[in-house]
Amino acid sequence: MSVVQVLREGGCGGTVAPTPLLHPSTMLDQAAQQWATGRSLSAATELSGYQAEATAGLHIRGPDSSVLQLIRKSECRTVADKRMHDIGAYRHGQDTWLVLAAQYVTPAPSRAPMFASRALQLVNEVRARGARCGERSFGPAGPVKLSGTLVDVALGHASDMAKHNYFEHEDLSGHSPADRVRAVGYREKLVGENIAYGPKSADEVVQGWLDSPGHCENIMDPRFEEMGIAYAAGQVSKHGLYWVQVLAAPRVETRARAQTETRAVL
């Protein structure tokens, strides 16, 4: 491993920019040993318990005296990859297995103004120009406004799905989107919910919903007036992001109360 540190610190002999030294990891030592037994690099890393965002592996054969030259000649850019932060190694005879990795950092559940503002902008842009959702065409619709209450509802459901590793509109207590909206005191006449798993940005998740007819119809429904959106990172076997968008029309109090309608699309 010292050879790798020398090459990173020296920028592979000045051919690339110097990069920070790697942190030795006992989990990656185990991953390197598992990789040496024939497992794939990804499987070996997962078995070690290291949650990797990115990995790279080197298998070098030769005496210690030649390792530096072997890496510098063929794999220097790999070991100098600035994305990598940790390293593990396994040595057997004249064979060396090196595993470099960057650990997955779990994002905190987000309701940051910049994120919410971007999602709101994207939704209102498409509502303003109209859209085709599968076989249905929607003309322009009025803008929705961001509701802090609906953001809280969206964040609560996203966090619950992330914590308990499920992906449904109905939560584990049997509550629907409309139930969750009512539970926080929001008086609604119409509720819609879009959920997604995997996208990494507001742009990506909104576009994914627009490409799906049912989700798109929720976004384009002119009756909706407010929305909330949030995400949470998976905590069990999945480490991607769970997204929830809640759309609603607040109830206008009259003598005759309309029955609440719920539209939820996976």
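All figures in this text were calculated on a predicted structure; none of them were measured in a lab.

1. Regarding the environment of S147
Along the chain, S147 turns up in the loop between strand 7 (145–146) and helix 8 (148–164). Considering only alpha carbons, one finds S147 and E226, 79 residues apart in sequence, at a separation of 6.0 Å. Those residues in contact with S147 that lie beyond four places of it in its chain are Y186, E226, M227 and G228.

2. Details of helix 11 (residues 213–220)
Because the α-helix completes a turn every 3.6 residues, residues three or four places apart line up on one side. Counted residue by residue, helix 11 has six buried out of eight residues, so it is predominantly covered. Considered for burial, the residues of helix 11 that qualify are H215, C216, E217, N218, I219 and M220.

3. Considering the packing of aromatic side chains
Under the criterion given, the structure shown has three aromatic pairs. A ring pair is formed by Y90 and W97, whose centres lie 5.8 Å apart and whose planes are at 35 degrees; its orientation type is tilted. On the accessibility criterion, W97 (10% relative accessible area) is buried.

4. Considering the state of the cysteines
Summed over the entire model, instances satisfying the criterion amount to one disulfide. Through a disulfide, C133 is tied to C216; the S-S separation comes to 2.0 Å. Disulfide C133 to C216: torsion about the S-S bond roughly -55 degrees, handedness left-handed. On the criterion of sequence distance, the pair formed by C133 in strand 5 (residues 131–133) and C216 in helix 11 is long-range, its members being 83 residues apart. Of the two residues, C133 and C216, neither departs from the other in class, the shared state being buried.

5. Regarding the sheet that holds strand 1 (residues 23–24)
Spatial ordering of the open sheet is given by 1-3-4-2, a layout of four strands whose pairing is mixed. Looking along the sheet, the strands with just one partner apiece sit at the ends: strand 1 and strand 2 (52–61). In this sheet, strand 4 (residues 95–103) lies alongside strand 3 (residues 86–92) in antiparallel orientation, the contact comprising seven bridges. Opposite A89, over in strand 4, you have L98 as the bridge partner. Those strands touched by helix 4 (residues 41–48) are strand 2 and strand 4, and its axis lies near 115 degrees from that of strand 2.

6. Concerning unusual backbone geometry
Despite not being glycine, N165 shows a phi value in the positive range, around 60 degrees. Relative to the elements of secondary structure, N165 occurs in the loop between helix 8 and helix 9 (177–183). Residue N165 is classed as partly exposed on the basis of its relative accessible area of 31%.

7. Quick notes on the pattern of salt bridges
According to the stated counting rule, one finds ten salt bridges in the structure shown. For D95, the salt bridge is made with R61, and the minimal N-O distance between the two is 2.8 Å. Separated by 34 residues along the polypeptide, D95 in strand 4 and R61 in strand 2 bring together distant segments of the chain. Taking relative accessible area as the criterion, D95 reaches 13% and is therefore assigned buried. Taking the shortest distance from any N to any O, the salt bridge between R83 and D81 comes out at 2.8 Å.

Quick notes on the rules
- Residues numbered from 1 in each chain as written.
- Predicted model: local features only at pLDDT ≥ 70, side-chain atom pairs only at ≥ 80, totals over all residues.
- Heavy atoms only, no water.
- Helix = DSSP H or I, 4+ residues; strand = E, 2+ residues; numbered from the N terminus.
- Contact = heavy atoms within 4.5 Å.
- Buried < 20%, exposed > 50% of the residue type's maximum accessible area, 1.4 Å probe, protein only.
- Phe/Tyr/Trp six-rings, centres within 6.5 Å; stacked < 30°, edge-to-face > 60°.
- Disulfide = S-S within 2.5 Å.
- Pairing = 2+ DSSP bridges.
- Axes fitted to C-alpha atoms, helices over the stretch in contact; angles between N-to-C directions.
- Salt bridge = Lys/Arg side-chain N within 4 Å of Asp/Glu carboxyl O.

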